[in-house]
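Structural description and commentary
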Amino acid sequence: MSQVNLTTTVQNDETTSAYHGEVVESNNTDLPSGDSDDENDINDFYNRSHELETSYDLNGCMKDLDAAIDVFKYLEACSSQLPEWHQRKIVLSTARLLIKRYKELHHEEDINSAISLYTKALTYQPSSEYRVYVLQCLADAYLFWFGVTRNAEALNSSAQRYEEALRLVSGVETKATLLNNFAALLKYKYYRLGLGFEDDIEKSINLCKESLSILPPNHELRLTVLENLSGIYRSKFEMHHHEDDVNAAIELLAYECNSMSSSTSSKVNLLENLATTLTFKYEHLGHMEDLNAAASHYEELLSLSTEKTRAFALSKLAHIYSLQFKESGLIEVANTTSRYYNQALMFEFHIVRRAKILSQFGSFLKEKYYKFSFEDDMKEAKKQYTEALSILSPDHECKVDIIIDFASLFRSKFSMFGHEDDINQAIELIENECRTTHVRAHRLKLLETLASTLVHKCVKLGHTKDLNAAIIHCNEALLLSTNRTKAFPLCELAHIYSIQFKKSGHAEDANMAVKYYNEALQFESHSVRRANLLKELSSFLKEKYYKLGFKEDMEAVKELYKEALSILHPDHKWKINIINDFIDLYRSDFEMFGHEEDINNAITLLEKERHSVNLSNIEKINLLMSLTSCLYDKYKQLNHVEDLSAAIDLHKEVIQLVPQDGTFQTSCLSVYARRLEERYFELGNEKDLHTAIEIQREIISLPVNSLLEQHDLCAYAFTLQRRYLRWSHEEDLQAAIEILEKTLLKTPPGSQTNNLRTDILGKLAAFLSQRSRLLESEEDLNSAIKYREEALSLQPVHIMKRVDSLQGLATTMFARYSQFRTHENDLKDAINSTTEALSLLPPYHRGRKRTLNTLALCYWYQYEQLGNETDISLAIQYQKEAIEIVNGFSQNENGATIFNLAQFKIHWFLRTGNRECINEIISLFEQLPLTNMNIITTFGCMQVWAAFSDKYQHPSALTAYKLAINLLPLLTAPIFTLASRQRFLAIAGDGFIADAALCSLRQKSFKDAVEVLEAGRSVIWSQASKHPDTGNLVLVAPDLDAQLKVYSLEIEKASKSLIESDDIPMKNFIQSSQNVPHLRHLHNNWLKTLEKIRQISEYEDFLKPLTFSKLKSTITKGAIVLLNITTSSCDAIIMSPEINDAIHLPIPDVDHALVFSKVKLLKYALNPTEQSGPAEISKAQGSLMTLELTRHGKMRDRQSLTSVIHGILKWMWSTIVYPIIQTLNLKKSKRPPRLWWCPTGPLTFLPLHAAGIYKSTSNTPSECTSDYCISSYTSTITALTQERGVESKSASQFKFLGIADTKKLLQTANELGIIQQYIPEQYFTELGTSGNPPASMKEVSSHLPDASIVHFACHGKQVPGKPFQSGLLLDDEKYMRISDIMQLSIPNASFAFLSACETASGDEDLPDESLHIGASLIQVGFRSVVGTMWQVFFSH
């Protein structure tokens, strides 16, 4: 054997003589010896290999380990000449050294060779003990092979070797060791492979228990088994998140501790393990009692420690207090932590252990600095890290971890303050260590940390070179990685390219990120880590979708989430996080596309998970919060109030679970308050509003940290602003603005506050914009724009935040331009901001609709300003895109968009004259989703549609008119104040009903003309009372009949409080339309009940406007003449029992303007104190006569006034009345028939009953209306049918009430005296006359409810513009106004005579609504009323 050359070569290697420190004993196996001639030479080889291995262990020089392996390989090559026991020893030693090298270099050939050698060793047949030993070694080798192949079969092979060894083993101690090792293997297998291997973890527990059962009570091996078993329970807890598992570990260790004497070393080890497990439980579940228990055990450990072990106990106590500091943030706890670390260092002199304590102390000081920013802590932390590094040898394995932790100190400081020098120091530390470290595992860790630090720097500072450097380091890390470790650098590369994609928006970067994520998934089989990787990829694909708009990305995200959930144990702690992300995805899809299926999927998933028994309290809270958010989203989109109520009920449950510590509690209470407030505005339950306000006040009083306090103040301001929107109380808006301004001062810019500051700036700008509209203040808009611009500067990266800021800025600039036109660049800047916002949104994002609408409006205004056809073309283009965007969403979002486009098209048509546009415009109107649009908006759309189509004679005009008229009952429902209804009809009804009737007449549809006039007049009176005549409904559907009557009564009661509210400023009209949530709720229920009734056979038209045939059937006596007046024509529609259909009689040369001038002239002639000027009167008089006016504009004498009156009466007779009498073929008669006049517009102010020729000539005999008919007036035909259907009152119910103002009008006593001659005394009551009670408000109000006939002889007054303030002046100088009369109930009312001025004159702004005193008496029950149309002088 030529051993000499090999020995010489080894000895000449310089590295073999580099011994440092004490010699470590060889790991050679204790094998039986035998005889050999070359015994001494072989032992020399063994010794030489041992020396080389020891040198490697001390110095980490790989050449020493390579040389040791070469020695045994040489011996193995020559082993055939050696005895078998030498062969066994050589094979086993070679395999062991190969595994040792594999651990360092991860060369696959080393582990394969080791497995082959161990398998060869099994071919030898010595004792069973030998075979058991080899089987253990082979099992370990297979375990390492799994690290290379990631093949579960390697772990199965390892388990099989343990099972075979257990069948052979005989000794108790050896068997216990095997059982324990086998258990450790199965734990590792379960930890690596996760789901599907639950049997392995249970088997590992049983193996440990079996090992413990065969060991004597005080055997030293028990401690090892107990530590292994507690570790298994912890692993099981990490996977399943069952608290019972970690509790089992704690109970096991505590039991063993209590059974041991306090002086044993085992007791000390068990205490340490028990405290560690309790700390582990705290870190996972956050129970402070566990941390306190751990501290107690470490203190006991400290009491048992010697001087050599005291440092360990002190350092552990320091760690416990550092965790308490993270929880509490108290400086006292921080000081205690520092004290324990300093004491530990006083007792620790072992280099490695001291370095570890120094590093831990530095890490704690880093946390303290992060909390308080004390510069001394930063200096002290640097000192600790520096000392730790200085005492370790350059190649020590601990050094890398300390350097990485040291670098994180500078990285944390950089995160706080953004100083580039700090992050550069971190990078320099890691780079310097990289240059000197050649150990593969250490270098890999350094490269990965260096890459992540460079990425962090790039994210903060935006330097692309840092990303490029990070890519280089990641690629080098990949070269050093084994299959087991490749996932991390691949994931980091994916992260880098995802950042590049966010910056560039390039699809290539996105594709590279996805590629690396998918490659990382190929190398990650551990269920938990793989689930986390799937989660990261899902998050990136969502970002990619938002940027590029590929729908397949969102579908891929759903599949990734499903896989992540499928591979995690049902109770794993991470599962809830993935579920939350999945829920966010569903919510995002629902927000973007409006598909109810998405939000229902989210709700179903959360409902399933909420019943999991293993959720921690905080997990349950978060899950319930997500569920409430989903229900709220559904409510906001679909307007199902039951979803809002369900969310509120769940919120109550959340509040019961939330710790009462003033942190999370406040945010939960804040959301709860907002939800209650919202339900109040839906259902009107005042308890909800009061509770919401009380909660907001309570929140503000809670002791919380500043950020939470600012959030709560924002929420309170938002509540006040919402209340302003409903109730129009300016003080609410002002208070909200002041709160936000103060909150803004408390929220300076900074990394931790920028998100909150952005929200505050956005809300403050929105509130100021509202105040600007209220006060017409440009200064408020200027401030709003300043705040919008700052908000934009704080959100340079986050896409949706930036979109919101851009959109808000554009809207505010557009508002300033449209209101003030003082900044010429506003419109251009608004277009630029909106264009940028549009570029950031993916093609299918719902937010594009709003942005496109704004952009279209901007271009439309620019077109109006400059007249550039390109601008209106762009407005039309963007509006079309907006319609395409919302095609997949809920239809209620389409209305305004389609309407805007129709308006743009109308202006384009007016500019070009291209009649082909007409059909396109009408088509747009026909696409409007009428049932899902706001009522007021819908009515406006119908008005424009009707006017346009009528003007250009499109057949859809009548359809548009009818659709609009059908909305009038909803627009004048009792959910609004009467004054609001009056104002709306004044705004919306200006000749609209008359135009609709004229459209019907043009189309020769006389029936339609009658129906639209009937449905569109006296709308307020038809809605003011909800007391329907239900007829036989009580027999058909008694429940519905009862419901309708209950709701009717409740509506009448609730609406009485609104009757007097007629002084709301016009600019607040839209807000006031939503003022009464309680009434809205009642009215909605009334409507729902009505719809149910209409589903019953023969009740399909219940309470609908009467059709022409039904109206016609009610006319049994006399004729009805409807007079329709428009800006261009006048028409009579005549109905009588003798006529089968209606007769249309055009009245030529009469229009709205002419009639209005006659009305003004007549009023002036009747009352010369009228405010109409002389010029207007002269113009109005026209060719009738020339009035001579004084220079002061007064007529010369009463004779002139009388001639004017006669002239107007003659004009009415010849132009309007006589043609109708001729058409009806009426003759003069002493008993003329009844004729009901139903005029519209200004015709309602003309005395048609008095029309005639009163100054006869020889050629023209005197005649008038009363010669041919008895005239009466009615506001609608339906009113006549209702009056005729009233049953006659019995004599016992008859009571006359006379009311006279004898103080101001002396002759009124005579009026009542004449009447008294015809009425028996027991039925006659007088107020205001001598010897009777005064005609005061109190007396009149108390007597009216019992009256059947009432006679008022007093002053009356019609208040122009405020008809509900009109009234009768009583003795106590108080007016009994219409609003007072409306609150009365007069069940026996029959006839009212109003001997007072202006009791039937009506309001000029709403002539078709009959808003006068006489009509109000009819409304409260009087069948007939006689009133006056103008002022009546006493002499009359």
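Residues numbered from 1 in each chain as written. Predicted model: local features only at pLDDT ≥ 70, side-chain atom pairs only at ≥ 80, totals over all residues. Heavy atoms only, no water.

Let us now look at the overall build of the protein. When its secondary structure is counted, the protein shows 60 helices and 15 strands. The burial tally for the protein puts 54% of its 1436 residues in the buried class. Within the protein, counting contacts between residues at least 6 apart in sequence, those at least 24 apart form 66% of the total. (Helix = DSSP H or I, 4+ residues; strand = E, 2+ residues; numbered from the N terminus. Buried < 20%, exposed > 50% of the residue type's maximum accessible area, 1.4 Å probe, protein only. Contact = heavy atoms within 4.5 Å.)

Moving on, we come to the packing of helix α28 (residues 617–638) against helix α29 (residues 641–657). For any two helices packed against each other, one specifies the crossing angle of their axes together with the interaxial distance. Remark: α28 packs on α29, axes separated minimally by 8 Å, with the N-to-C direction vectors making an angle of 165°. By the criterion of interaxial angle, the relationship of α28 to α29 is roughly antiparallel. Along this stretch, α28 crosses α29, giving a crossing that reads as left-handed. Packed against α28, whose contacting residues are Asn617, Lys620, Ile621, Leu624, Met625, Leu627, Thr628, Leu631, Tyr632, Lys634 and Tyr635, the element α29 presents Val641, Asp643, Leu644, Ala646, Ala647, Leu650, His651, Glu653, Val654 and Leu657 at the interface. In terms of residue class, the contact of α28 with α29 is made up of 14 nonpolar, three polar and four charged. (Axes fitted to C-alpha atoms, helices over the stretch in contact; angles between N-to-C directions. Parallel < 35°, antiparallel > 145°, perpendicular 65-115°, else oblique. Left-handed = near helix turned anticlockwise from the far one by under 90°. Nonpolar A, V, L, I, M, F, W, Y, C, P; charged D, E, K, R; others polar.)

Strand pairing in a sheet takes place through backbone hydrogen bonds and is either antiparallel or parallel in direction. The strand order β9-β8-β10-β14-β15 describes an open sheet built from five strands, whose pairing is parallel. In this open sheet, the two edge strands, each paired with only one partner strand, are β9 (1324–1327) and β15 (1424–1426). Taking each pair of neighbouring strands and ignoring which way they run, the sheet shows an average axis angle of 10°. Judged from the five bridges that link them, strand β10 (residues 1349–1353) and strand β14 (residues 1391–1395) form a sheet pairing that is parallel. The residue of β14 that forms the bridge with isoleucine 1349 is phenylalanine 1391. (Pairing = 2+ DSSP bridges.)

This part covers the side chain of arginine 48. Within the secondary structure, arginine 48 is located in helix α2 (residues 39–59). Separated by 2.5 Å, the side chains of arginine 48 and glutamate 51 make a polar contact. (Polar contact = N/O pair within 3.5 Å; in protein donor to acceptor, adjacent residues only side chain to side chain.)

The residue glutamine 807 is located in helix α36 (residues 799–820) in this model. Judged by its relative accessible area of 1%, glutamine 807 falls in the buried class. Separated by 3.0 Å, the side chains of glutamine 807 and threonine 851 make a polar contact. Engagement of the side chain of glutamine 807 in a polar contact is seen with the side chain of threonine 854, the distance being 2.8 Å. With residues near it in sequence (within four places) discarded, glutamine 807 still touches Thr834, Arg850, Thr851 and Thr854.

To continue, consider the packing of aromatic side chains. All told, the structure shown has 33 aromatic pairs when counted by the stated rule. Relative to phenylalanine 992, the ring of tyrosine 961 has its centre 5.1 Å away and its plane inclined at 55°; by these criteria the two rings are tilted. Pair noted here: tyrosine 961 is in helix α43 (residues 957–971) and phenylalanine 992 is in helix α45 (residues 992–1002), with a separation of 31 residues, a long-range link. Here the aromatic residues Phe325, Tyr341, Phe361 and Phe364 are joined through ring pairs into a cluster of three or more. (Phe/Tyr/Trp six-rings, centres within 6.5 Å; stacked < 30°, edge-to-face > 60°.)

Attention shifts here to the pattern of salt bridges. For the coordinates displayed, the defined rule picks out 48 salt bridges. The residue arginine 131 makes a salt bridge to glutamate 164 at a minimum N-O spacing of 3.2 Å. Note that arginine 131 is positioned in helix α6 (residues 128–149) and glutamate 164 in helix α7 (residues 152–168), a separation of 33 residues in sequence. Arginine 131 sits in the partly exposed class, given a relative accessible area of 24%. The closest approach of N and O atoms between arginine 771 and aspartate 780, which form a salt bridge, is 2.8 Å. By the burial criterion, arginine 771 is buried, and aspartate 780 matches it. (Salt bridge = Lys/Arg side-chain N within 4 Å of Asp/Glu carboxyl O.)

The three strands lie next to each other as β11-β12-β13, forming an open sheet whose pairing is antiparallel. Edge positions in the sheet fall to β11 (1355–1357) and β13 (1375–1377), since each has one partner strand and no second. Along the sheet, successive strands turn relative to each other by an average axial angle of 25°, direction set aside. Across three bridges, the pairing between strand β12 (residues 1367–1369) and β13 is antiparallel. Note that in β13 the partner of glycine 1367 across the bridge is arginine 1377.

Of all six residues that make up strand β4 (residues 1234–1239), five are buried, and the element is covered over most of its length. Direction of pairing for strand β1 (residues 1119–1125) relative to β4: parallel, over a ladder of five bridges. Bridging from a neighbouring strand, leucine 1123 pairs with proline 1239 of β4. Pairing analysis gives four bridges linking β4 to strand β7 (residues 1270–1273), with the strands arranged parallel. When the sheet's bridge partners are listed, tryptophan 1236 is paired in β7 with serine 1272.

Before going further, it helps to examine the confidence of the model for the protein. Per-residue pLDDT for the protein has a mean of 80; in total, 84% of the residues score no lower than 70. Summarising per-element confidence for the protein, the mean pLDDT is lowest in helix α1 (residues 3–12) (28) and highest in β10 (96). Taken as a whole, residues 1171–1196 scores under 50 in pLDDT and shows 34 contacts with residues more than four places along the chain or in a different chain. Here residues 1284–1288 scores under 50 on pLDDT; set against residues more than four positions off or in separate chains, the count is eight contacts. (pLDDT = per-residue confidence, 0-100.)

Another aspect to go through is α36. The end-to-end C-alpha separation of α36 is 31 Å, in line with the 32 Å expected for 22 residues at 1.5 Å each. Arginine 821 occupies a position one or two residues after α36 and carries a positive phi of about 55°. (Expected span 1.5 Å × (residues − 1).)

Where helix α34 (residues 754–775) meets helix α35 (residues 778–794), the closest approach of the two axes is 8 Å, and the angle between their N-to-C directions is 160°. In terms of their interaxial angle, α34 and α35 are classed as roughly antiparallel. In the packing of α34 onto α35, the handedness of the crossing is left-handed. Contact with α34, carried on its side by Asn754, Arg757, Thr758, Leu761, Gly762, Leu764, Ala765, Ala766, Leu768, Ser769, Arg771 and Ser772, involves Asp780, Leu781, Ser783, Ala784, Tyr787, Arg788, Glu790, Ala791 and Leu794 of α35 and no other residues of that element. The residue inventory of the contact of α34 with α35, partitioned by class, reads 10 nonpolar, six polar and five charged.

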